[in-house]
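# Architecture and fold: a report
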Amino acid sequence: MGAAMRRIHVGNALSAFGLGFTVPYLYVYVAQVRGLGSVTAGLVLAVFAVAALIVLPFAGRAIVRRGPLPVLLVALVTAALGAMSLGLSASAGTVLASAAALGAGQAVMQPALATMIVDCSTTETRSRAFAMQFFLQNLGLGVGGLIGGHLVDTTSASSFTLLFAIEAAMFLVLTAVMATVRTPRAPRIEEAPGQTGGGSWKQLLGNRAMVQLCVLGFVLFFACYGQFESGLSAYGVEAAGISTSALGTALAANTLMIVVAQFAVLKFVERRKRSRVIASVGLIWAVAWAVAGYAGLGHGGQAMATAAFISTYALFGLGEAMLSPTLAPLVADLAPAGLAGQYNSAFALVKQLALAIGPAVGGPLGASLHGPYIVAFLLFSLGITVLAVRLGRQLTDVQNQPSLARSRVVTQGGAPADAVVAAEA
């Protein structure tokens, strides 16, 4: 890694570390510590999603025109102000406004950092760069959550103010670190006089492979990440009788699987077609949902149900480790020169939409209709496999398997050498 990439990875770890201090305790803070009730706490979580959906389309245009670094620095300062304000807020209005600022800043960080990784990597090194990013994010979230759990006191609002202050400080430290990054000059696209940002969106929507990847991404995030802390946890408590401590162990098993398996999985993924890797993740998650079905609907003892439920989260973690060096690099490879920021923002928008809808659908279903919930999401997982196979037909050989670029002469448009020879003949 070069100096720029090292700083980017340090930044990813710092931002995740700061988020880990507050994310697990946000609902308790708003509903109980500030005494604003469950409705306001639910609105805060909704505001995070709504803020992201509003700012991400504009973030893509800004990254394309100005570059990812200025956009990232603005997002970091906005998130720091939102975090600090949230820790000091005592009324519903200020809490919601602070959550909007924090949510908007966090949302814009994702495509900005992803675009910086793209600018500092090549097709051959990109998978490892994004795998490292995902590894550090999970490590930072886990360590931050662990430390935050020992600092927090539900009877003291000042302890939560400390947590949000630490989060804000991490964003400001990250701002200082990222301000020193010097990325290679990537092409920027300036809009013609009188032209709106609709042209770049129209170009993106005309890319069939990218549209199919966005549909696939929505199903992936809806069926996995959108269920972790809503439908799947509700199902575990109601159907499988999982205790809150066992639920925490399951979440820890998910993170541990990612941290342990990430680079071992990377060696397996790098030499295989991306579409087949994603298809295999769908099959792994189908097995995970079947195991979850056994935990809640089987007739084993409580110990067996708990072990099965923890195994479900671990299997999800294995799939996540396979996706991290696959999805984000594929988005980058599908983007035309200069439009990586637009494509990263579009994919982040799809992710946020899935994360907003997933809990709303999965929560009530997992809590009350246990059998239909498992069957529905098992089918969603199998749908991931089908969509991945279809996506593979839209990709060039090198887009689907970047390792081919090392042994094959490739034209600028991505056609293999065989096609070049045929054309010259």
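Structure: see above.
For every chain, the first residue of its written sequence is number 1, and the numbers climb from 1 along that sequence. At least 70 in pLDDT is required for a residue's local features to be given in this predicted model, at least 80 for side-chain atom pairs to be given and counted, and no such filter applies to totals for whole chains, interfaces and linings, which use all residues. Just so you know, side-chain values use all the structure's heavy atoms and leave hydrogens and water out.

The way it works is that DSSP assigns letters per residue, a run of H or I at least four long becomes a helix, a run of E at least two long becomes a strand, and they are numbered from the N terminus. Of the regular secondary structure elements, the protein holds 18 helices and 0 strands. To sort residues, take the accessible area from a 1.4 Å probe on protein chains only and compare it with the maximum for the residue type: under 20% means buried, over 50% means exposed, and anything in between is partly exposed. Evaluated residue by residue, the protein yields a buried proportion of 51% over its 425 residues. Note on definitions: a residue-residue contact is assigned when non-hydrogen atoms from the two residues lie within 4.5 Å. Pairs at least 24 apart in sequence give 85% of the contacts found in the protein among residues at least 6 apart. What sets the accessible areas is the Shrake-Rupley method with a 1.4 Å probe; for residues, cover comes only from the shown protein chains. Counting every atom, the protein has about 17,800 Å² of accessible surface; 67% of that belongs to carbon and sulfur.

Here a patch means residues that are over 30% exposed by relative accessible area and free of salt bridges, tied together within 9 Å if like-charged and within 5 Å if nonpolar (Val, Leu, Ile, Met, Phe, Trp, Tyr). The term salt bridge refers to a pairing of a side-chain nitrogen on Lys or Arg with a carboxyl oxygen on Asp or Glu at a separation within 4 Å. Nonpolar side chains collect at one region of the surface, where Leu 139, Val 143, Leu 146, Ile 147, Leu 151 and Leu 162 lie side by side and expose about 470 Å² of accessible area between them. At 5 residues, the largest contribution of residues to the nonpolar patch is made by helix α6 (residues 126-151). Mapped onto the elements, Leu 162 comes out in helix α7 (residues 157-178). Using a relative accessible area of 42% as the deciding quantity, one classes Leu 162 as partly exposed.

Relative to the helices and strands, Phe 263 is located in helix α11 (residues 244-270). Distance from Phe 263 to Ala 131, taken between C-alpha atoms, is 7.5 Å for residues 132 residues apart in sequence. Contacts of Phe 263, omitting those with residues within four sequence positions, involve Met 132 and Phe 135.

Here is a general trend for soluble globular proteins: nonpolar side chains tend to be buried in one another's company. Core analysis: the biggest nonpolar cluster contains 109 residues, and Met 178, Met 210, Leu 213, Leu 232, Trp 285 and Phe 309 have the highest contact counts within it. Examining the composition of this core, we find that 11 residues originate from one element, helix α5 (residues 92-119), more than from any other. Nonpolar cores were defined as sets of buried Ala, Val, Leu, Ile, Met, Phe, Trp, Tyr and Cys residues, with membership established by side-chain atoms within 4.5 Å.

Now for the packing of aromatic side chains. Note on aromatic contacts: the rings of Phe and Tyr and the six-membered ring of Trp form a pair at centre separations within 6.5 Å, being stacked when their planes are under 30 degrees apart, edge-to-face when over 60 apart, and tilted otherwise. Per the counting criterion, the structure on display carries 15 aromatic pairs. Centroid distance Tyr 235 to Tyr 373: 6.0 Å. Interplanar angle 35°. Geometry classified as tilted. Of this pair, Tyr 235 sits in helix α10 (residues 231-238) while Tyr 373 is found in helix α16 (residues 370-392), placing the two residues 138 residues apart along the sequence. Each member of the pair, Tyr 235 as well as Tyr 373, carries the same accessibility label: buried. Ring centres of Tyr 373 and Phe 377 lie 4.9 Å apart, and the angle between their planes is 55°; this geometry places the pair in the tilted category. Linking Tyr 373 with Phe 377, this pair stays in helix α16, spanning 4 residues, or about one helical turn. For the pair Tyr 373 and Phe 377, a shared accessibility class is recorded, and that class is buried. Among the aromatic residues, ring-to-ring pairing joins Phe 218, Phe 222, Tyr 235, Trp 285, Trp 289, Phe 316, Tyr 373, Phe 377 and Phe 380 into one connected group.

What follows deals with the packing of helix α1 (residues 3-22) against α6. Between the N-to-C directions of two axes lies an angle of 0 to 180 degrees, each axis being a line fitted to C-alpha atoms and, for a helix, fitted only over the stretch in contact. Across the interface, α1 lies against α6 with an axial gap of 6 Å and an inter-helix angle of 30°. Judged by the inter-axis angle, α1 sits roughly parallel to α6. Two packed elements cross with a definite hand, and for α1 against α6 that hand is right-handed. Polar here means any residue outside two lists: the nonpolar Ala, Val, Leu, Ile, Met, Phe, Trp, Tyr, Cys and Pro, and the charged Asp, Glu, Lys and Arg; Gly therefore counts as polar. Considering only residue class, the contact of α1 with α6 consists of 13 nonpolar, 9 polar and no charged. Any angle from 65 to 115 degrees is called roughly perpendicular, while one under 35 is roughly parallel, one over 145 is roughly antiparallel, and all others are oblique. Crossing handedness is defined as follows: a turn of the near helix away from the far one that is anticlockwise and smaller than a right angle gives a left-handed crossing, while the clockwise case is right-handed.

Within the secondary structure, Asp 119 sits in helix α5. Residue Asp 119 is classed as buried on the basis of its relative accessible area, which comes to 15%. As a C-alpha pair, Asp 119 and Ala 332 span 213 residues in sequence and 9.6 Å in three-dimensional space.

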